[in-house]
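# Close look at the chain arrangement
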Amino acid sequence: MSNWPDWFQEALRQRFYQLELASEQNASNLSEDKNLFTKMDQFKTNQNEDIQRLLSEWEEAIGYQLSQDKQSIYMEGVKDGIRLILPVIQPTVTR
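### Some words on the packing of helix H2 (residues 30–45) against helix H3 (residues 49–89)
In the contact formed by H2 and H3, the axes pass within 9 Å of each other and the chain directions differ by 150 degrees. By the criterion of interaxial angle, the relationship of H2 to H3 is roughly antiparallel. Here the hand of the crossing between H2 and H3 comes out left-handed. Counted together, Met40, Phe43, Lys44 and Thr45 of H2 and Gln52, Leu55, Ser56, Trp58 and Glu59 of H3 form the full contact between these two elements. Here the contact of H2 with H3 is built from residues that sort into four nonpolar, three polar and two charged.

Written out as structure tokens, the structure is:
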């Protein structure tokens, strides 16, 4: 990475630190998430089979939507990365 400009290396470092901090904050929320899932499971257990099935379908639909959202955000990040790096790798290509 020594061929990259100093400002670019610093930008990458700062982005890494931001992601690391977000990851640490997310890890602290895991216990809260586990508690929420436990309560949801307890709630579902106390319902009849039809309501349990509907709640399971709802959870599946929400999970699918969240994964689609995450995939979309990831792909936008990849596109942004390509737009950022391409001019550095191939300076003659203009966009």
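### As for the environment of glutamine 47
Of note, glutamine 47 is situated in the loop between H2 and H3. Apart from residues lying up to four places away in sequence, glutamine 47 is in contact with Gln52 and Leu55.

Rules used throughout
Within each chain, residue numbers correspond to sequence positions counted from 1 in written order. Only residues with pLDDT of 70 or above have their local features reported here, since the model is predicted, and side-chain atom pairs are shown and tallied only from 80 upward, although totals for entire chains, interfaces and linings are computed over all residues. In computing side-chain properties, one takes all heavy atoms of the structure into account and sets aside hydrogens as well as water. Convention adopted: a line fitted to C-alpha atoms gives each axis, helices being fitted over their contacting stretch, and angles between N-to-C directions are expressed from 0 to 180 degrees. Elements are defined by DSSP. Helices are runs of H or I of four residues or more, strands are runs of E of two residues or more, and each kind is numbered from the N terminus. If an angle is under 35 degrees, it is roughly parallel; if it is over 145, roughly antiparallel; if it lies from 65 to 115, roughly perpendicular; otherwise it is oblique. Take the far helix as your reference; a near helix turned counterclockwise from it by less than a right angle gives a left-handed crossing, and one turned clockwise gives a right-handed crossing. Any two residues having at least one pair of non-hydrogen atoms within 4.5 Å are treated as being in contact. Only Asp, Glu, Lys and Arg are considered charged in this grouping, and only Ala, Val, Leu, Ile, Met, Phe, Trp, Tyr, Cys and Pro are considered nonpolar; every other residue, Gly among them, is considered polar.

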